[in-house]
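Examination of the molecular architecture
Spelled out from the first residue to the last, the chains are:
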Amino acid sequence: MPRLFTGLEIPADITQTLSMLRGGLPGARWVEPENYHLTLRFIGDIDGATANEVASTLFRVNRRPFEVQLQGLSSFGGRKPRAVVASVVPSRPLIELQAELERLMQRVGLDPEGRKFTPHVTLAWLRDVSCQDVAQYLSIRGYFPTRAFTAERFVLFSSRASTGGGPYVVEAPYELKSQGDHRLARTA
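So, a few notes on the structure that sits alongside this text. The structure displayed is predicted, hence computed values, not measured ones.

1. Points about the packing of aromatic side chains
Overall, the coordinates contain six aromatic pairs when judged by the stated rule. Taking the centre distance of 5.1 Å and the plane angle of 15° together, the rings of Phe-154 and Tyr-174 count as stacked. Taken together, the residues span a long stretch of sequence, with Phe-154 in strand β8 (residues 153-159) and Tyr-174 in strand β9 (residues 168-175) at a distance of 20 residues. The same class applies to Phe-154 and to Tyr-174, which are both buried.

2. Regarding helix α3 (residues 92-108)
Since one α-helical turn is 3.6 residues long, residues separated by three or four positions face the same way. Here α3 is 17 residues long and its end C-alpha atoms lie 25 Å apart, about the 24 Å a rise of 1.5 Å per residue gives. Of the residues making up α3, those classed as buried are Leu-94, Leu-97, Gln-98, Glu-100, Leu-101, Glu-102, Leu-104, Met-105 and Val-108. Looking at the packing, one finds that the buried side of α3 touches β1 (3-9), β3 (37-45), α2 (48-57), β4 (66-76), β5 (83-88) and β8. Phi turns positive one or two residues past the end of α3, at Gly-109, with a value near 110°.

3. A short note on the layout of surface pockets
Within this model, the largest pocket holds a volume of roughly 850 Å³. Along the wall of the largest pocket there are 31 residues; nearest its centre are Thr-39, Phe-42, Arg-115, His-120 and Trp-125. Among the secondary structure elements, those contributing two or more residues to the lining of the largest pocket are β1, β3 and β6 (120-126). Among the elements that take part in the lining of the largest pocket, β3 stands out by supplying six residues, more than any other.

4. Digging into the sheet that holds strand β2 (residues 28-30)
The strand order across the open sheet formed by five strands is β2-β6-β5-β4-β7, and the pairing between neighbours is antiparallel. Each edge of the sheet is formed by a strand with only one pairing partner; in this case those strands are β2 and β7 (147-151). Between one strand and the next, the sheet's axes are offset by a mean angle of 35°, whatever the strand orientation. Sheet topology places β2 next to β6; three bridges connect them, and they run antiparallel. Across the sheet, the residue bridging to Ala-28 is Leu-126, located in β6.

Reading the values: rules and limits
- Residues numbered from 1 in each chain as written.
- Predicted model: local features only at pLDDT ≥ 70, side-chain atom pairs only at ≥ 80, totals over all residues.
- Heavy atoms only, no water.
- Phe/Tyr/Trp six-rings, centres within 6.5 Å; stacked < 30°, edge-to-face > 60°.
- Helix = DSSP H or I, 4+ residues; strand = E, 2+ residues; numbered from the N terminus.
- Buried < 20%, exposed > 50% of the residue type's maximum accessible area, 1.4 Å probe, protein only.
- Expected span 1.5 Å × (residues − 1).
- Contact = heavy atoms within 4.5 Å.
- 1 Å grid on protein atoms, 1.4 Å probe; cavity = no way out; pocket = protein on both sides within 12 Å on 5 of 7 lines; lining within 4 Å.
- Points joined across faces, edges and corners; volume = space filled by probe spheres on them.
- Pairing = 2+ DSSP bridges.
- Axes fitted to C-alpha atoms, helices over the stretch in contact; angles between N-to-C directions.

Spelled out as structure tokens, the structure:
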């Protein structure tokens, strides 16, 4: 059974910037830079027939490219921090794409996503790391200048069942096209 999710890839220049933030937090398990991504919709472990249906359904998405902005670091988990993440500004096109993917996955028969969508790029998984250590790390490294890129596609990723995920494999890309590209595609 493949474990699937949709997401945005992070360009090499931003990956390099984020990878420079690794280290300095005892107990953190750092995500390998080649596995940085922004999850849009976690799908999970599904059978092959459902995976094929998901892959073909995603071709219905008809969206334009849009800008994605990463700005600063934060942590998830409150008093029991479980991850250090690069925050992503929740722009309207990003939220709308995620919502469309959610609707499509429910039409395929998948359960609704249980968590509210909070766009981010996971940099490290935390286990038994104190709030104080996380706060100190964030105070030292938590600010970095806004980095932006244009999302020109989203992808269907697969991963092997492991703690922390990865390595992630792009199973299928789905291009985001300008309106002119869609008109050409319809008339061709």
